[in-house]
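So the chains spell out like this:
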Amino acid sequence: MNGNFSRIVGTGSYLPAKVLTNHDLGRMVDTSDEWIYTRTGIRQRHIAADHEATSDLALAASRNAIAAAGVRPQDLDLIVVATTTPDMVFPSTACILQSKLGVRRCPAFDVQAVCSGFIYGLATADQFIRSGQYRHALVVGAEVYSRILDWKDRSTCVLFGDGAGAIVLRRGDAPGVLSSHLHADGSYAGMLSVPGTVCGGKVSGRPLLHMDGSGVFKFAVRVLDEIVEETLAANRLKKTDIDWLIPHQANIRIIHATAKKLGLSMERVVVTVEHHANTSAASIPLALDEAVRDGRIRSGQHVLLEAVGGGLTWGAVLVKW
Ligand code: UT7
């Protein structure tokens with residue numbers, strides 16, 4: 001097949017074994033299961049073991065996606081990892097993942113768009129495949145947010161979790177990925193950030209997550225509304241043409257707002273936030289893998305993926321399954 005479209009031919013995911021419930025958090029900070037669940041829809045999150053790096057989570061998810069696609073690691077022409085919690089300053093987590101997969105030479109790089117990272121990574125890989133340059137691409141979202149949280153700050157530590165999801169894209173004659181839509185507004189950089197950096201052999205600035213939660217909430221609802229309209233218009237589709245919404249899993253109230261905008265019943269929305277919390281770049285491929293493996297998503301259906309996150313960044317990808 002030498003067509004100029006990309007199609008998702010395998011999905012995979014990985015969650016660390018340790019589970020931290022809202023009740024566990026209630027023993028660590030002044031919060032409750034009731035507050036967390038009603039404000040966010042979260043009941044629990046997974047936490048990486050001390051020995052697990054982002055690349056380890058990415059490796060486990062990638063192996064599952066590669067097996068599902070029926071390819072070998074050496075068939076990959078491109079590796080893109082979306083992460084905000086890389087193993088180290090450099091080399092990229094994608095290069096470390098490539099080595100752990102036991103392959104060499106194919107290009108490997110990280111994409112940094114925080115919670116929109118998987119959408120950015122998928123859009124980037126799709127462009128390389130559409131241009132005819134590559135046949136197989138691995139796109140991964142992997143995060144260990146537990147390492148950048150202030151575990152004494154109840155307004156942020158209850159919201160996030162660790163995990164990884166991956167897909168394999170293959171060039172083909174028919175879509176596949178119908179369109180991708182990416183945006184950013186850096187004037188909101190301070191609204192959601194980890195301001196620390198490495199400087200002169202020391203960490204300079206606070207290396208922990210800071211968020212104006214209600215500011216991000218309002219921004220998210222507005223731009224997700226807009227991105228849904230933009231994506232439908234670009235594909236000349238109606239709201240009723242969307243079979244599945246796979247939103248970034250930050251807050252069930254944001255997800256409800258997007259579903260309402262689309263006129264979609266919640267049965268058509270893949271929701272994992274209850275069990276995973278917000279896993280940033282990993283949340284969409286984790287949710288996608290769950291819905292593919294349990295048979296909800298079927299051939300010929302329109303699947304809309306959308307996210308918003310630090311940057312601020314936002315975007316959507318529409319896929320025909
Ligand atoms: O991944 C993409 C980026 N992230 C997001 O999309 C997250 C967007 N934002 C949100 O999801 C919500 O804004 C939050 C869940 C973060 C907060 O919900 P909210 O309804 O906007 O609450 P709030 O920040 O207005 O806080 C309400 C109250 C405050 O108390 P006062 O000032 O009203 O007395 C907080 O101190 O809730 C308090 N509070 C908590 N109480 C118990 C904040 N965190 C907690 C907590 N437990 N964990």
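This text goes with the structure placed above it.
Residues numbered from 1 in each chain as written. Predicted model: local features only at pLDDT ≥ 70, side-chain atom pairs only at ≥ 80, totals over all residues. Heavy atoms only, no water.

1. Some thoughts on the environment of R298
Which entries qualify depends on this criterion: A helix here means a DSSP run of H or I that spans at least four residues, while a strand means a run of E at least two residues long, and both kinds are numbered starting from the N terminus. Note on exposure labels: buried denotes an accessible area under 20% of the residue type's maximum, exposed denotes more than 50%, and partly exposed covers the range between, all computed with a 1.4 Å probe on protein chains only. Pairs of N or O atoms within 3.5 Å make up the polar contacts considered here, provided that, within protein, one atom can donate a hydrogen while the other can accept it, and that residues adjacent in sequence are counted only when both atoms are side-chain atoms.
Inspection of the secondary structure assignment puts R298 in the loop between α10 (283-293) and β14 (302-309). Since its relative accessible area comes to 53%, R298 is described here as exposed. On a C-alpha basis, the gap between R298 and D75 in space is 26 Å, while along the polypeptide they are 223 residues apart. Here G295 takes part through its backbone oxygen, which lies 3.5 Å from a polar atom of the side chain of R298.

2. As for the pattern of salt bridges
Using the following cut-off: Salt bridge, as applied in this entry: a Lys or Arg side-chain nitrogen positioned within 4 Å of an Asp or Glu carboxyl oxygen.
Tallying each qualifying case throughout the model produces 14 salt bridges. A salt bridge links D33 to R43; the nearest nitrogen and oxygen atoms lie 2.7 Å apart. In this pair, D33 sits in helix α2 (residues 33-40) while R43 sits in the loop between α2 and β3 (44-47), placing the two residues 10 residues apart along the sequence. The exposure class assigned to D33 is buried, which follows from its relative accessible area of 16%. With its nearest N and O atoms 2.6 Å apart, the salt bridge here joins R206 to D150. Separated by 56 residues along the polypeptide, R206 in the loop between β11 (202-204) and β12 (210-211) and D150 in the loop between β6 (136-144) and α6 (154-157) bring together distant segments of the chain. By relative accessible area, which is 42% here, R206 ends up partly exposed. If you follow the salt bridges from partner to partner, you end up with D225, E229 and K261 in one network.

Shape descriptors only; they carry no functional weight alone.
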